[in-house]
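Residue-level listing of the chains:
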Amino acid sequence: MYGLAVVDIVAILLYFIVVLGMGYYSSLRIKNQEDYFLGGRRFGKLIQTFAAFGQATSVENAVGMTVIVFRNGLAGVLQSVSGIFYMPLYWITSIWYRRLRTITLGDFFEERYNSKGIAAFYALVSAIFFMMIIGLGFMAMTKTVMAITEKPVSELTVSELSEREKALELDKLENTDARLLSNNDKENLQELRLMEPQKDFSYINEKYLMWLVAIIVVLYAGFGGLEAAFLNDTLQGILILLLSVLLVPFAYSRIELLFNVEGINGVIEVARSKLPESAFELWGSPQLTDFTWYYLVVLTITIFINISTQANQLTACGSAKDDYTARFGFTSGILLKRVASLLWGITAILLIVLYSDLISNPDYLWGRATRDLLGPLNLGLVGLMIACLMAALMSTATALMITASSLLTHNMVRPLFPGKSEKTYLNVGKINGMLIMLGAVLSAMWFDNIYQMLKILWEFNIIVAAGFWLGMKWRKANRKAVWTSAISTAFLFFILQLVIPLFPGVKTNEYLAKTIDSKEILSEYKARKIDVDNRLKEIQLWEKLNEKGIVNTKKPSPLKEGDVFTKKFFTEKRSIFWSKGIKYDDDGVVYGSGLLSLELLAVDAMGFDLSKNDQALNETIRLLIRSIWPFLILMLVSIFTKAEPKERLDRFYVKMKTPSVADRDEDDRQMKLSYENPHRFDYKKMFPKSSWEFEKFEKVDIKGLLYFSLGTALILSILYIISFLGK
């Protein structure tokens, strides 16, 4: 049925039954908003670890890894685990959320800036963000399941067969040395790149599958609250770890069998022969245009700034029973994710070795491997993989849905309709959760592929990031500055970029269709088996073209392994201003798709010809502009406007210096002492006479920083070893 064995369908159904049972159990323990949104703040280290791991990890992490590695080699793995560089900082920031002692992170904005409006604005921005991030998980999960349930060629419709032929033609042109392409071939190549024809088709309707999973999430998390989400995070965390390694032994064995090699050395030699040397450049390669060292540095900083502003940080840390549990559970969960990401990277490399010649769309790589490697065993492993993928999606979707629902209920509905009963607010929260899932599915349907959504999500929270960071550590930040920074950032970098393309003629404007120039690149390599095979194909193509009299180049010389040779190819023409690129409509008219980058448009209009830059350089410029803008505006406005009242600031910052403890009565007593003496912890200030509220490091801070720095160094060392072996 749908390309799945009965045993696989049984495995999936059993998973759904267990998940729904946990949701029902948790619903019986809910009495108030704190129970529903924060699980009564009763979770210990184990639950907190898996909660952080589950929230930080979704299906798009595993599937998205194969996409990025397929496009960018080992540099893609480094990008995906780039969080290792700021992971030790989580040991410091994680206790912030617990010490806030609030139900939502929106409450921070209300308390710090005395503004329900800013809190409501933050809630709205976060809800949209969570819709998109859940939608990304839906997209990754459905594309993988569709690949698992792929139709055989004999069952394709006429239109599907036609599109498949175009995809095969694109593969052929992409793998041909540019010197052998005629002018017509080059034009056809660029046109097919814009069309992005699909080669694989499924029995499963992508939209129906999204709606089914969304309904399941609403049923068990919408009624069971955060406790249901966290209990499932524990179960699903185990399944996610299983997903991380499930394909490795089977892919490893298939490589040994297919290429007649044995052991790790044999597999490494196969990888060297099947993948070009550029695929193992850790900091990017001239041929891998998405990631360069400078783009990775700027992207890593941007992601850290934005992640710390996510409302689910408070859900993950604020639900812990005390300071140490919050920081240990959260940072350990993130470390666990980095380890899983490394495993996904290794899996991605093995899968690309096996299937790079067979699959042109990397979105389907994980699913194809699942069907091909696990299906023949008929042990229910395909069903288990689908359950693992759904677990990865649902563990994140549930926690984010609860977090977004909490924000909308607590920071928008409650101020507008105060004084209602707990039951009323809980029911509103459940309705909000359903609306979040509706928005998530719709957002997943709007984007074309996983990579497009990832790029939007990496930077979306920059709208509110400056208000959070400077509010936490700078006394001069005030509500006028926050409003100016947030509204200007939202309008300039998101709203206008979405709305302007709706005006007639904008999408088809010739200037806005500008692309980076396609560059001829000559690179020198030592020939591997893949290079020898590709040269043989080029010779055969040259001979065919020569027979037709349409080639004017010298016949390529045969290669043997170890020969030094040069290869010439053209980089892809990519849109400068459109987030989803340039496309053709049904009439063959070129139009821009997605968001219109006003920041790059401004830079180009000032005389800096962005068509001469690499794609990574343009993306770096764009990220720098939108990351610096909100902080610059907030600081400038704060300097020239009045700060918040000193009494309010004193109460806030003394609270943030007061350690949280598990005993509620004792915690209340400590807070009373702090409010009575707001300068109680002034000795902790790193800069005593300044307006900056950084605290001196204590012994527990230093121990945690060293421990997680060691974990960072270990993961990075393994990546360097893989790079060394690959090259």
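Treat the numbers as computed from the prediction; the structure is a model and nothing was measured.

1. Topic: the overall build of the protein chain
In step 1: Counting secondary structure elements, the protein chain contains 28 helices and four strands.
In step 2: Counting only residues that meet the buried cut, the protein chain has 58% of its 727 residues in that class.
In step 3: Sequence-distant contacts in the protein chain: of pairs separated by 6 or more residues, those separated by 24 or more amount to 83%.
In step 4: Counting every atom, the protein chain has about 30500 Å² of accessible surface; 62% of that belongs to carbon and sulfur.

2. Details of the packing of helix 21 (residues 462–473) against helix 26 (residues 646–657)
In step 1: The N-to-C vectors of helix 21 and helix 26 enclose an angle of 85°; their axes lie 10 Å apart at closest approach. With respect to helix 26, the axis of helix 21 lies roughly perpendicular. Listed contacts from helix 26 to Leu-470, Gly-471, Met-472 and Lys-473 of helix 21 are Phe-652, Tyr-653 and Met-656.
In step 2: Looking at the contact of helix 21 with helix 26 residue by residue, the classes come out as five nonpolar, one polar and one charged.

3. Structural notes on the nonpolar core
In step 1: Residues Leu-105, Ile-134, Phe-138, Leu-351, Ile-463 and Phe-468 are the most contacted members of the largest nonpolar core, which totals 147 residues.
In step 2: The leading source of residues in this core is helix 8 (residues 116–148), at 17 residues.
In step 3: Not counting residues up to four positions away in its chain, the partners in contact with Phe-468 are Trp-96, Tyr-97, Leu-105, Phe-108, Phe-109, Ser-308 and Thr-309.

4. Comments concerning helix 23 (residues 529–547)
In step 1: Under the 1.5 Å per step criterion, the end-to-end length of helix 23 is 28 Å for 19 residues, consistent within 8% with the ideal 27 Å.
In step 2: Buried within helix 23 we find Ile-530, Asp-531, Val-532, Asn-534, Arg-535, Glu-538, Ile-539, Leu-541, Trp-542 and Leu-545.
In step 3: Gly-549 sits one or two positions beyond helix 23 and adopts a positive phi of about 70°.

5. Digging into the pattern of salt bridges
In step 1: If you walk through the whole model with that rule in mind, you get 24 salt bridges.
In step 2: Close ionic contact of Arg-101 with Asp-667 constitutes a salt bridge, the shortest N to O distance being 3.0 Å. In this pair, Arg-101 sits in the loop between helix 6 (87–100) and helix 7 (106–113) while Asp-667 sits in helix 27 (residues 664–676), placing the two residues 566 residues apart along the sequence.
In step 3: Residue Asp-667 is classed as buried on the basis of its relative accessible area of 8%.
In step 4: Residues Arg-414 and Glu-110 are paired through a salt bridge, measuring 3.7 Å at the closest nitrogen-oxygen approach. A residue pair is termed long-range when its members are at least 10 positions apart, and Arg-414 in helix 18 (residues 381–416) and Glu-110 in helix 7 qualify at 304 residues.

6. Some thoughts on helix 25 (residues 615–639)
In step 1: For helix 25, which comprises 25 residues, the first-to-last C-alpha distance of 37 Å matches the rise-based estimate of 36 Å (1.5 Å per residue) to within 8%.
In step 2: Of all bends in helix 25, the biggest is about 25°, found at Trp-629, and the proline Pro-630 comes one to four residues later.

7. Overview of a nonpolar patch on the surface
In step 1: Among the surface-exposed residues, Trp-483, Ile-487, Phe-491, Ile-495, Leu-498, Val-499, Leu-502 and Phe-503 lie close enough to one another that they form a single nonpolar patch of about 720 Å² accessible area.
In step 2: Secondary-structure assignment places Trp-483 in helix 22 (residues 479–499).

8. What to know about the packing of helix 7 against helix 26
In step 1: Between helix 7 and helix 26, the least distance of the axes is 9 Å, while the angle of their chain directions is 140°. Taken as axis vectors, helix 7 and helix 26 run oblique relative to one another. On the side of helix 7, the interface is formed by Phe-108, Glu-110, Glu-111 and Arg-112, while helix 26 contributes Arg-648, Leu-649, Phe-652, Tyr-653 and Lys-655.

9. Observations regarding unusual backbone geometry
In step 1: One non-glycine residue, Asn-114, adopts positive backbone phi at about 50°.
In step 2: Within the secondary structure, Asn-114 sits in the loop between helix 7 and helix 8.

10. A short note on the side chain of Lys-655
In step 1: Following the sequence through the fold, Lys-655 ends up in helix 26.
In step 2: The buried category is assigned to Lys-655, whose relative accessible area is 4%.
In step 3: Beyond its immediate sequence surroundings of up to four residues, Lys-655 is in contact with Arg-99, Leu-100, Arg-101, Thr-102, Glu-111, Met-671 and Tyr-675.

11. Observations regarding the packing of aromatic side chains
In step 1: A complete count under the given rule lists 28 aromatic pairs for this structure.
In step 2: Geometrically, the ring pair formed by Phe-129 and Phe-460 is stacked, given 6.3 Å between the ring centres and 15° between the ring planes. On the criterion of sequence distance, the pair formed by Phe-129 in helix 8 and Phe-460 in the loop between helix 20 (450–459) and helix 21 is long-range, its members being 331 residues apart.
In step 3: On the accessibility criterion, Phe-129 (2% relative accessible area) is buried.
In step 4: Here Arg-626 stacks its cationic end above the ring of Phe-494, 5.0 Å away from the centre of that ring.

12. Thoughts on the side chain of Arg-99
In step 1: Within the element layout of this structure, Arg-99 appears in helix 6.
In step 2: Separated by 2.8 Å, the side chains of Arg-99 and Asp-323 make a polar contact.
In step 3: Ignoring sequence-local partners within four residues, the contact set of Arg-99 consists of Asp-323, Lys-655, Met-656, Lys-657, Thr-658, Pro-659, Ser-660 and Glu-695.

13. What to know about the environment of Lys-580
In step 1: Relative to the helices and strands, Lys-580 resides in the loop between strand 2 (564–570) and strand 3 (582–584).
In step 2: Residue Lys-580 is classed as buried on the basis of its relative accessible area, which comes to 12%.
In step 3: Linking Lys-580 and Gly-592, residues twelve residues apart in sequence, is a C-alpha distance of 7.6 Å.

14. Some remarks on the environment of Ala-279
In step 1: Position of Ala-279 among the secondary structure elements: in the loop between helix 13 (263–274) and helix 14 (293–307).
In step 2: When the C-alpha atoms of Ala-279 and Val-69 are compared, they prove to be 8.3 Å apart, with 210 residues separating the residues in sequence.
In step 3: Apart from residues lying up to four places away in sequence, Ala-279 is in contact with Gly-73 and Leu-74.

Reading the values: the criteria
- Residues numbered from 1 in each chain as written.
- Predicted model: local features only at pLDDT ≥ 70, side-chain atom pairs only at ≥ 80, totals over all residues.
- Heavy atoms only, no water.
- Helix = DSSP H or I, 4+ residues; strand = E, 2+ residues; numbered from the N terminus.
- Buried < 20%, exposed > 50% of the residue type's maximum accessible area, 1.4 Å probe, protein only.
- Contact = heavy atoms within 4.5 Å.
- Areas by Shrake-Rupley, 256 points an atom, 1.4 Å probe, with all protein chains shown as cover.
- Axes fitted to C-alpha atoms, helices over the stretch in contact; angles between N-to-C directions.
- Parallel < 35°, antiparallel > 145°, perpendicular 65-115°, else oblique.
- Nonpolar A, V, L, I, M, F, W, Y, C, P; charged D, E, K, R; others polar.
- Core = buried A, V, L, I, M, F, W, Y, C linked by side-chain atoms within 4.5 Å.
- Expected span 1.5 Å × (residues − 1).
- Salt bridge = Lys/Arg side-chain N within 4 Å of Asp/Glu carboxyl O.
- Bend = angle between axes of the 7 residues up to and from the residue.
- Patch = residues over 30% accessible without salt bridge, like charges linked within 9 Å, V, L, I, M, F, W, Y side chains within 5 Å.
- Phe/Tyr/Trp six-rings, centres within 6.5 Å; stacked < 30°, edge-to-face > 60°.
- Lys NZ or Arg CZ within 6 Å of the ring centre and 35° of its normal.
- Polar contact = N/O pair within 3.5 Å; in protein donor to acceptor, adjacent residues only side chain to side chain.

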